[in-house]
Amino acid sequence: GINAEYGLPGILQHSLPSEWQAGDVVSVCSTNSGAAMAVGIWAVGRGEALAAGMKGKGVIVYQVYLDQLWHFGPKDKMPQLPLPDYNVSPPLQELPRLVEETRVETVEDDQPTTAEKQDDVAEVTENFGEMSNPGEEEEEDKEEEVFNKEQTLLEACYRAIKTSIKKADLPILTSAFYSQHVKGCCEHSVEIKHTKWKKLGTLLKELQDAGLLTVKEQKKGVQSITHIDFTHVLLRGVKRLEKEEEDEDEEEEDIAVVQAFTCNAHAAKFFSKFGYKKGDILTRKEIRASLTNYIRQQNLVVEGDKSRITLDPHLADLSKIKDVRCKWNDVMQKSEQAFGQCYVISLPGRIPITVKGKLPPIQYKVEKRTGNKVVTLISNFSIFGIEGKELAQRLQLLQSSSASVVQGVKGEEVLVQGDARKHATKLLLTEYKIPKTFVSSQ
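None of these values were measured; they are calculated from a predicted model.

What counts as what
Residues numbered from 1 in each chain as written. Predicted model: local features only at pLDDT ≥ 70, side-chain atom pairs only at ≥ 80, totals over all residues. Heavy atoms only, no water. Phe/Tyr/Trp six-rings, centres within 6.5 Å; stacked < 30°, edge-to-face > 60°. Buried < 20%, exposed > 50% of the residue type's maximum accessible area, 1.4 Å probe, protein only. Lys NZ or Arg CZ within 6 Å of the ring centre and 35° of its normal. Axes fitted to C-alpha atoms, helices over the stretch in contact; angles between N-to-C directions. Helix = DSSP H or I, 4+ residues; strand = E, 2+ residues; numbered from the N terminus. Parallel < 35°, antiparallel > 145°, perpendicular 65-115°, else oblique. Left-handed = near helix turned anticlockwise from the far one by under 90°. Contact = heavy atoms within 4.5 Å. Nonpolar A, V, L, I, M, F, W, Y, C, P; charged D, E, K, R; others polar. Pairing = 2+ DSSP bridges.

Q: Before we move on, can you summarise the packing of aromatic side chains with the specific residues and values?
A: Going through the model one piece at a time under the given rule, you end up with 10 aromatic pairs. On the basis of an interplanar angle of 55° and a centroid distance of 6.1 Å, the ring pair of phenylalanine 271 and phenylalanine 274 is categorised as tilted. Phenylalanine 271 sits in the buried class, given a relative accessible area of 0%. Ring pairs connect the aromatic residues Phe261, Phe270, Phe271, Phe274, Tyr276, Tyr294 and Phe339, which therefore count as one cluster. Its end group placed over the ring of tyrosine 432, arginine 394 keeps NZ or CZ at 5.2 Å from the ring centre.

Encoded structure:
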């Protein structure tokens, strides 16, 4: 069983029975069908529920539609049954009088207690889980493997909806839902083609039949999830993966692009005093720290004017400044110009990339081809550690059009059908975390 809880506020008043006790077996139905979607026991009796103002725990859910118990049976679809004629319960305005009239009755010796009822349900659930179908050992192992894959994939769908998807994300392409959300929430690697569904559409239709979501074909051949019932009973008790909880407090590491400087022969004559040699890469902070230490050690600060310094022959040669005295900032800027320019790109989990000279930004431009067809070309992404095949696949999902990797003049380029500038910009800035300075369009 899943041992989830269903709160009293979510239970419709008119559907309450005239009397019940804690531990009594109860079924849970949706508002549009009389078929039971879950079974469990009451967490509290009628008197306790009314006294609490219909707030707090209501039902302890043991089994739900599409769970492990469902997989042991014939795997029937959820039937569409008419809603029963409920006995109308007294309105909440009568709570004070009902609470006053409610009396706690003593449990007779021959009646089972609440704890005993819960133990009986748990025992039945546990014994059912231990049952197995007769057959050869190899067939049982094969059935168990398929069952595990299907259950894992279902749980990943529930987890993705519960923890990854928001209402603002809807509508969302079914392919994007699976590749960007479900796969990331899957506890084990599962390919849908190796399950009973074979295709994503079959799995989503089953979830749609259960009332969890709605799939519509917004364009020919393009299906999207347009609605999700975030309060559905199937989502109750769903939790994040343990590895996600462990990393929850850790900040996501982004791509970092830092301007740096390469130590050439001219700069090495001065900075060799600090242990640097030709070919070394220094940051602006390292250059300025070395210069500051040198100026203070040599007492080059002008007495009475701490904003200016006196240049000695070594500093004058490095900075190429002809004046004997100048401002601190002038010395720092001119000394940086003695170095060669470069950029260091730090990629999460990979060795940093050093690009000498000016760093070209990622560019994408729109062109018209034969037949007035519009295409978008994206280039210079490889410098930032982005693989062309991956970028093409992600843009294809976002753009809902074909995308491919082509060979350009300066390396790989991604060719997308249609004007993909909006999607490309959003993807590069929000998903790949490329600094805005290094994304430009034509």
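From this point on, the discussion continues.
Q: Lay out the packing of helix α13 (residues 388-399) against helix α14 (residues 421-431) with the relevant residues and their values.
A: Axes are the key here: two packed helices are described by the angle between their axes and the distance separating the axes. Interaxial distance between α13 and α14 falls to 10 Å at its minimum, and their mutual angle equals 125°. Judged on the interaxial angle alone, α14 and α13 are oblique. Seen from above, α13 lies across α14 with right-handed handedness. Only His423, Ala424, Leu427 and Glu431 of α14 make contact with α13, whose side of the interface consists of Leu391, Arg394, Leu395, Leu398 and Gln399. Its residues assigned to classes, the contact of α13 with α14 shows 5 nonpolar, 2 polar and 2 charged.

Q: How would you summarise the sheet that holds strand β8 (residues 256-262) if you had to cite specific residues and measurements?
A: The 4 strands are arranged β9-β8-β12-β13 in an open sheet whose pairing can be described as antiparallel. Unpaired on one side and paired on the other, β9 (281-283) and β13 (353-356) mark the two borders of the sheet. Averaged over all pairs of adjacent strands, the angle between strand axes in this sheet comes to 40°, irrespective of strand direction. In this sheet, β13 lies alongside strand β12 (residues 340-346) in antiparallel orientation, the contact comprising 4 bridges. Looking at β13, one finds that tyrosine 343 is bridged to valine 355. Lying on the sheet, helix α10 (residues 284-297) is in contact with β8 and β9; it crosses β9 at an angle near 80°.

Q: Which residues make up the sheet that holds strand β5 (residues 172-173), and what values do they have?
A: Adjacent strands of a sheet pair through backbone hydrogen bonds, lying either parallel or antiparallel. Strands sit in the order β5-β7-β6 across an open sheet of 3 strands; the sheet is antiparallel. Edge positions in the sheet fall to β5 and β6 (213-219), since each has one partner strand and no second. Bridge analysis of β6 against strand β7 (residues 222-228) gives 6 bridges, and the strand direction is antiparallel. Within β7, the position partnered with lysine 219 by the bridge is valine 222.

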